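Residues per chain are reported as follows:
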Amino acid sequence: MVNVEKELVQLEFEENLTLAKRNLEKRLLREHSQSLEVILDSKVTDILVAWDFHKDKSTILLILNPTL
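Procedures and definitions
- Residues numbered from 1 in each chain as written.
- Predicted model: local features only at pLDDT ≥ 70, side-chain atom pairs only at ≥ 80, totals over all residues.
- Heavy atoms only, no water.
- Pairing = 2+ DSSP bridges.
- Helix = DSSP H or I, 4+ residues; strand = E, 2+ residues; numbered from the N terminus.
- Contact = heavy atoms within 4.5 Å.
- Buried < 20%, exposed > 50% of the residue type's maximum accessible area, 1.4 Å probe, protein only.
- Expected span 1.5 Å × (residues − 1).
- Arc of directions from axis to C-beta.

## Topic: the pairing of strand β2 (residues 57–66)
Examined bridge by bridge, strand β1 (residues 42–52) and β2 share 10 bridges and lie antiparallel to one another. Of the residues in β2, the one forming a bridge with I47 is L62. Where β1 folds back onto β2 in an antiparallel hairpin, the turn is made up of four residues, including D56, whose phi is positive at roughly 55°.

The following block contains the structure:
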């Protein structure tokens, strides 16, 4: 996490941070979904992102539809 994110967590704005990061990261992943689809040889049908701010970890789940 960058310093501003750490500060928001410390000030108990974790929910707002989650909403902001979800929108930003999903937008970035969708912008690059065509590259992901080529690499994975599958169509990206959905993207889910979750965070554990206290552990400074995130999880990205791609829902795929394999191309035949």
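## Quick look at the side chain of K26
Note that K26 resides in helix α2 (residues 14–31). With residues up to four places along the chain from it excluded, the contact list for K26 reads K21, D46, I47 and V49.

## Side note on the side chain of S42
Structurally, S42 can be placed in strand β1. Since its relative accessible area comes to 9%, S42 is described here as buried. In this structure S42 touches E37, L64, N65, P66 and T67, once residues within four positions along its chain are discounted.

## Focus on α2
Helical geometry: 3.6 residues make up each α-helical turn, so side chains three or four residues apart lie on a common side. Between its first and last C-alpha, α2 extends 25 Å over 18 residues, near the 26 Å set by a 1.5 Å rise per residue. Listing the buried residues of α2 in full gives L17, T18, K21, K26 and L29. End-on view of α2: buried residues confined to an arc of 145°, all on one side of the axis. The inward-facing, buried residues of α2 contact α1 (3–10), α3 (33–40), β1 and β2.

By themselves these figures say nothing about function.
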